[in-house]
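So you can see what is in the structure, the chains are spelled out below.
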Amino acid sequence: MEPIIEITNVHKYFGNVHALQGVSLTVQKGEVVVIVGPSGSGKSTLLRCINRLEEYDEGKIVVDGIPLDSAQNINAVRREVGMVFQSFNLFPHISVMNNLILAQKVVRGKTHEEAAETARGLLKKVGIPEKVDAYPGQLSGGQQQRVAIARALAMNPKIMLFDEPTSALDPEMIKEVLDVMLALAHEGMTMVVVSHEMGFARNAANRAILMDGGVIVEEATPDILFTNPSHQRTKDFLSKVLH
Amino acid sequence: MADYESSRSDAPNDALKQIPGAEPASRIDAMWWLVLGVIVLVVFLIVVFPDPYFNLVKFVTDGIVITVTVTVGSFIFVLFAGLVGGLGRLAKNKIINTIATLYVELIRGIPLLVQLIWWYFAFPVVIQGIGRALKIDALVSYQANPIAMAIIGLVFCYGAYMSEIYRAGIQSIPKGQMEAARSLGMTYFQAMRYVILPQAIRVILPPVGNEFIALLKDSSLVSVVAVTDLTRRSREYMSTHFNPIEVWTMAALLYLIMTLLSARVVNHIERKTKFER
């Protein structure tokens, strides 16, 4: 076991709101961690702290041996950490292919041919090779999210962060995205996933975490957390989510 | 930037073709007829009444060239000054932000004519004064070039307005775009260059086009500071021929041709760069 993300006593304030109240979490290499919790519990904020899209006020985060403390280090960490957003955030003014190769060329300095080859391979992997020349606005939500996953994977990241990747999708499109994520988990990708998809958590996650009020309330294997939690707060939350 | 963009099918326009009178072709035509109408009127006046109109247009031709030069020359710098000012207004750095805000607020509060006069009449005196104080002969004998001073004046003024347009355009792009770009490891400036600005430029194209046309019209103010543009040449012609109706009607028509044509060009670029969100 080799820790790849080490979060130590992280605090975050939004004005007067104490959003993260001393969160500590270690993620091992190849581990899949699912974070659940009510809205406002700080789960997305914690995820966004890992690649420093959110600045934290106290504590320490080390990713792949690199502490998130200087602008240089933050960029170095971001190169190794892929992120998938609830609202996809594809670049709407360029084609799917260009969405996938832009950062490869600009950040990794790859040639167009190298980048395009990686891109085509990843589009095949997420199941939409025929959309290579489409624009994001011409795709369904599920297709956009799969392109977004491919775009993050194109940077060959060591860690993938998912911020409620299926929350903005129509129900019938959720499965196509979860299937891609499941395949990724089985390949051994280190993943931190904020999601309420219990099925995904049970099938893929090594650990499930319940956050509430800016702290980690309980962590266990998904089976135990979802069926036999030890904290009352977890039971309350699950009774509202599972129906 | 063009590297990352390519042509694409135009589905909305295809749909519009189904509606009579709504197809893009006929929407363009209505405005092109206006441009054509003004041009025909000018040609008609020149051919049918060569005196004074042909003589007049011949006389002011060099003025038209100056007007176009000053306008286009200024505008290129305005686009750049606006970008710098706009990024400055958005900067988190307090010093940069304050400088940019001061620039915009101060310049917007001073009439353009006063600014142009200051650059032409006051600025050289300031330079000469500095030259005397530092004993640099080149500065003591400094003489302002009217066109250069006019362009500086216009760029300073319009750059302030353009800063606000850039700022609004950049702010109109959803925050997630910058986050996605940064999460892929791009620096702030790479994200701006490849992700934010290409989208923002499409948003701000209409107001930028308006600024160009406003600048073209406001360039007539430079006639006050010794630039022999269309307005000044028209006044010179009138002062020797005493025919204000003909001179100023023709000047108005010539400006109209330029502004209407510009509006068409802006409209064309706008349609070319549309994309679906």
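About the cut-offs
Counting starts from 1 at the beginning of each chain's written sequence and moves along it residue by residue. Each chain gets a letter, beginning with A, and each ligand a number, beginning with 1, in the order they are written. Reporting in this predicted model follows two pLDDT cut-offs: at least 70 for local features of residues, and 80 or more for side-chain atom pairs to be given and counted; totals over whole chains, interfaces and linings ignore these cut-offs and use all residues. Heavy atoms throughout the structure, all of them, feed into the side-chain values; hydrogens and water do not. Runs of H or I in DSSP of at least four residues are treated as helices and runs of E of at least two as strands, each being numbered from the N terminus. Relative accessible area decides the class of each residue, using a 1.4 Å probe on protein chains only: under 20% of the type maximum gives buried, over 50% gives exposed, and in between gives partly exposed. Throughout, a contact is declared for two residues whenever any of their heavy atoms are within 4.5 Å. Two things to know: the radius of gyration comes from C-alpha atoms, and the globule rule equals 2.2 Å times the number of residues to the power 0.38. One speaks of a salt bridge when a side-chain nitrogen belonging to Lys or Arg is within 4 Å of a carboxyl oxygen belonging to Asp or Glu. What gets called buried area is simply the loss in accessible area from a 1.4 Å probe that two parts show on being joined, summed for both. Any N or O atom pair separated by 3.5 Å or less is treated as a polar contact, with the protein-specific requirement of one donor-capable and one acceptor-capable atom, and with residues adjacent in sequence counted only for side-chain atom pairs. Charged-residue counts in this description rest on Lys and Arg as positive and Asp and Glu as negative, His and the chain ends being excluded. Should DSSP find at least two bridges between two strands, the strands are regarded as paired. For helices, the fitted axis covers only the stretch in contact; all axes are lines through C-alpha atoms, and the angles between them, taken along N-to-C directions, range from 0 to 180 degrees. Only residues whose relative accessible area exceeds 30% and that form no salt bridge enter a patch; like-charged residues are grouped when within 9 Å of one another, and nonpolar side chains (Val, Leu, Ile, Met, Phe, Trp, Tyr) when within 5 Å. All accessible areas in this document rest on Shrake-Rupley with a 1.4 Å probe, and a residue is counted as covered only by the protein chains that are shown. With its strands directed away from the observer, a crossover is right-handed exactly when the path from the first strand over the helix to the second travels clockwise.

**Quick look at the overall build of chain B**
The number of helices and strands found in chain B is eleven helices and zero strands. The order of α-helices and β-strands along chain B, N terminus first, is α-α-α-α-α-α-α-α-α-α-α. By the burial criterion, 42% of the 277 residues in chain B qualify as buried. In chain B, 74% of the contacts between residues at least 6 apart in sequence involve partners at least 24 apart.

**Quick look at the overall build of chain A**
If you tally the helices and strands in chain A, you get nine helices and ten strands. Over its C-alpha trace chain A gives a radius of gyration of 18 Å, about what one expects of a compact globule, namely 18 Å for 243 residues. Oriented by its inertia axes, the alpha-carbon framework of chain A measures out at about 55 × 45 × 35 Å. Counting only residues that meet the buried cut, chain A has 58% of its 243 residues in that class. Long-range pairs, those at least 24 residues apart, make up 64% of the contacts in chain A with a sequence separation of at least 6.

**Let's talk about unusual backbone geometry**
Among all residues save glycine, negative phi is the norm, and among peptide bonds the norm is trans. With an omega dihedral of 15 degrees, the bond running from aspartate 51 of chain B to proline 52 of chain B counts as a cis peptide bond. Note that proline 52 of chain B resides in helix H3 (residues 50-90). Notably, asparagine 9 of chain A is not glycine yet its phi reads approximately 50 degrees, a positive angle. For asparagine 9 of chain A, the location among the structural elements is in strand S1 (residues 3-14). Judged by relative accessible area, asparagine 9 of chain A falls into the partly exposed class, the value being 38%.

**Topic: the pattern of salt bridges**
Taken as a whole, this structure holds 18 salt bridges over all chains when the rule is applied. Its salt-bridge partner being arginine 233 of chain A, residue aspartate 212 of chain A comes within 2.3 Å of it at the nearest N-O pair. Of the two residues, aspartate 212 of chain A is situated in strand S9 (residues 207-212) and arginine 233 of chain A in helix H9 (residues 232-241); the sequence distance between them amounts to 21 residues. Here glutamate 105 of chain B and arginine 108 of chain B are joined by a salt bridge, their closest N and O atoms 3.2 Å apart. One end of the pair, glutamate 105 of chain B, and the other, arginine 108 of chain B, are both in helix H4 (residues 94-108), three residues apart, so they sit about a helical turn from each other. For arginine 108 of chain B, a relative accessible area of 34% corresponds to the partly exposed category.

**Things to note about the interface of chain A and chain B**
With 27 residues of chain A at the contact, the number on the chain B side is 27 residues. Taken over both partners, the interface formed by chain A and chain B buries close to 2500 Å², and the fraction arising from carbon and sulfur atoms is 57%. Here chain A and chain B share one salt bridge between them. Of the charged contacts in the structure, one is a salt bridge between glutamate 179 of chain B and arginine 48 of chain A, with a shortest N-O distance of 2.7 Å. For the pair chain A and chain B, the number of links is five residue pairs in polar contact (both at pLDDT 80 or more). Looking at the side of chain A that touches chain B, the elements that each hand over two or more residues are helix H2 (71-80), strand S6 (81-84), helix H3 (96-106) and helix H5 (141-153) of chain A. The biggest single contributor to the side of chain A that touches chain B is H3 of chain A, with five residues.

**Details of H2 of chain A**
Of the positions making up H2 of chain A, those classed as buried are Ile74, Asn75, Ala76, Val77, Arg78 and Glu80 of chain A. Tucked into the core, H2 of chain A has its buried residues touching helix H1 (43-50), strand S4 (58-63), strand S5 (66-67), S6 and strand S7 (159-163) of chain A together with helix H8 (175-183) of chain B.

**Structural notes on the side chain of glutamate 218 of chain A**
All names here are of chain A. Along the chain, the position of glutamate 218 falls in strand S10 (residues 215-220). For glutamate 218, which is buried and forms no salt bridge, the nearest opposite charge comes from lysine 235, at a distance of 7.9 Å. Within the structure, the side chain of glutamate 218 is placed 2.8 Å from the side chain of threonine 234, a separation counted as a polar contact.

**Some points on the side chain of glutamate 164 of chain B**
All names here are of chain B. Topologically, glutamate 164 is positioned in helix H7 (residues 146-171). You can call glutamate 164 buried: its relative accessible area is 13%. In this structure glutamate 164 touches Arg89, Val104 and Arg108, once residues within four positions along its chain are discounted.

**Quick notes on the sheet that holds S9 of chain A**
Residue and element names in this part refer to chain A. The strand order across the open sheet formed by six strands is S6-S7-S8-S3-S9-S10, and the pairing between neighbours is mixed. Two strands lie at the open edges of the sheet, namely S6 and S10, each paired on one side alone. With direction set aside, neighbouring strand axes in the sheet form an average angle of 20 degrees. As defined by bridge partners, S7 adjoins strand S8 (residues 190-194) across five bridges and the pair is classed as parallel. Looking across to S8, one finds that leucine 161 is bridged to valine 192. Against the sheet, H1 engages strand S3 (32-36), S6, S7, S8 and S9, with an angle of about 150 degrees to S7. Sheet strands in contact with helix H6 (residues 171-186) are S3, S7 and S8, and its direction is about 145 degrees off that of S8.

**Topic: the sheet that holds S5 of chain A**
Pairing is antiparallel in the open sheet, where four strands are placed in the order S2-S1-S4-S5 (chain A). The open sheet is flanked by strand S2 (17-28) and S5 of chain A, the only strands paired with a single partner.

**What about a nonpolar patch on the surface?**
On the surface, a cluster of nonpolar side chains totalling about 590 Å² of accessible area is made up of Ile39, Leu41, Val43, Phe44, Val47, Val48 and Phe49 of chain B. Mapped onto the fold, valine 43 of chain B is located in helix H2 (residues 24-48).

**Things to note about the pairing of S8 of chain A**
Residue and element names in this part refer to chain A. Of all five residues in S8, five are buried, a share of seventy percent or more. Because side chains alternate across S8, one face comprises the buried residues Thr190, Val192 and Val194, and the other comprises Met191 and Val193, equally buried. Here four bridges tie S3 to S8, and the two strands are oriented parallel to one another. Within the sheet, the bridge partner assigned to valine 34 lies in S8 and is valine 193. With respect to chirality, the unit in which S7 leads through H6 into the neighbouring parallel S8 is right-handed.

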